[in-house]
Amino acid sequence: EKASLNLYSRLWDAKQQIEEDEKEKGYKYEFLYLLIDEGETGFHPKWQKEYLKRLIDFVKVAFKDKKVQIILG
């Protein structure tokens, strides 16, 4: 649970930082690249199986106005 919360809270924090940056600079980012290395490490085996679907679902909600490319390592 802690590993999952850590991953999604970091993504949410990145979302907020992007929004602040957009307000300050007056333009919107159209594309985002998420580079995630071993994001599922520390997850329960069942959660590891669901990791990619949950990650995509979260990104769709958090970054709904962006085109996001997820690169997993």
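For clarity, every value in this text was computed on a predicted model and none was experimentally measured.

Interhelical geometry of helix 1 (residues 2-25) versus helix 2 (residues 45-62) gives an angle of 20 degrees and a closest axis separation of 12 Å. Relative to helix 2, helix 1 is oriented roughly parallel. The way helix 1 lies across helix 2 gives a crossing that is right-handed. Contacts between helix 1 and helix 2 involve Ser 4, Leu 7, Tyr 8, Leu 11, Trp 12 and Lys 15 from the first element and Trp 47, Tyr 51, Arg 54, Leu 55, Phe 58 and Ala 62 from the second. Residues belonging to the contact of helix 1 with helix 2 are distributed by class as follows: nine nonpolar, one polar and two charged.

Confidence along the protein chain averages 90 in pLDDT terms, with 100% of residues attaining 70 or more. Least confident of the elements in the protein chain is helix 2, whose mean pLDDT is 89; most confident is strand 2 (residues 67-72), at 94.

As a further point, take the side chain of Lys 15. With respect to the secondary-structure elements, Lys 15 resides in helix 1. Within the structure, the side chain of Lys 15 is placed 2.4 Å from the side chain of Glu 19, a separation counted as a polar contact. Every residue in contact with Lys 15, bar those within four places of it in the chain, is listed here: Ala 62 and Phe 63.

Turning our eyes to something else, we now look at helix 2. In a regular helix each residue adds 1.5 Å, so 18 residues correspond to 26 Å; helix 2 covers 25 Å between its end C-alpha atoms and thus fits that length. Of all the bends in helix 2, the largest measures some 55 degrees and sits at Tyr 51. Among the residues of helix 2, those classed as buried are Tyr 51, Leu 55, Val 59 and Ala 62. Residues of helix 2 that are buried sit in contact with helix 1, strand 1 (31-36) and strand 2.

Leu 7, Tyr 8, Leu 11, Tyr 51, Leu 55, Val 59 and Phe 63 are the most contacted members of the largest nonpolar core, which totals 13 residues. Listed by contribution, the elements that provide at least two residues to this core are helix 1, strand 1 and helix 2. If near-sequence neighbours (up to four positions away) are discounted, Val 59 is found in contact with Leu 34, Lys 64, Val 68 and Ile 70.

Evaluated as defined, the whole model comprises three aromatic pairs. Between Trp 12 and Phe 58, the ring centres sit 6.3 Å apart and the planes meet at 65 degrees, which makes this aromatic pair edge-to-face. Of this pair, Trp 12 sits in helix 1 while Phe 58 sits in helix 2, and the two are 46 residues apart along the sequence. Arranged with centres 5.5 Å apart and planes meeting at 70 degrees, the rings of Tyr 27 and Tyr 29 form a pair that is edge-to-face.

Cut-offs and rules
- Residues numbered from 1 in each chain as written.
- Predicted model: local features only at pLDDT ≥ 70, side-chain atom pairs only at ≥ 80, totals over all residues.
- Heavy atoms only, no water.
- Axes fitted to C-alpha atoms, helices over the stretch in contact; angles between N-to-C directions.
- Helix = DSSP H or I, 4+ residues; strand = E, 2+ residues; numbered from the N terminus.
- Parallel < 35°, antiparallel > 145°, perpendicular 65-115°, else oblique.
- Left-handed = near helix turned anticlockwise from the far one by under 90°.
- Contact = heavy atoms within 4.5 Å.
- Nonpolar A, V, L, I, M, F, W, Y, C, P; charged D, E, K, R; others polar.
- pLDDT = per-residue confidence, 0-100.
- Polar contact = N/O pair within 3.5 Å; in protein donor to acceptor, adjacent residues only side chain to side chain.
- Expected span 1.5 Å × (residues − 1).
- Bend = angle between axes of the 7 residues up to and from the residue.
- Buried < 20%, exposed > 50% of the residue type's maximum accessible area, 1.4 Å probe, protein only.
- Core = buried A, V, L, I, M, F, W, Y, C linked by side-chain atoms within 4.5 Å.
- Phe/Tyr/Trp six-rings, centres within 6.5 Å; stacked < 30°, edge-to-face > 60°.

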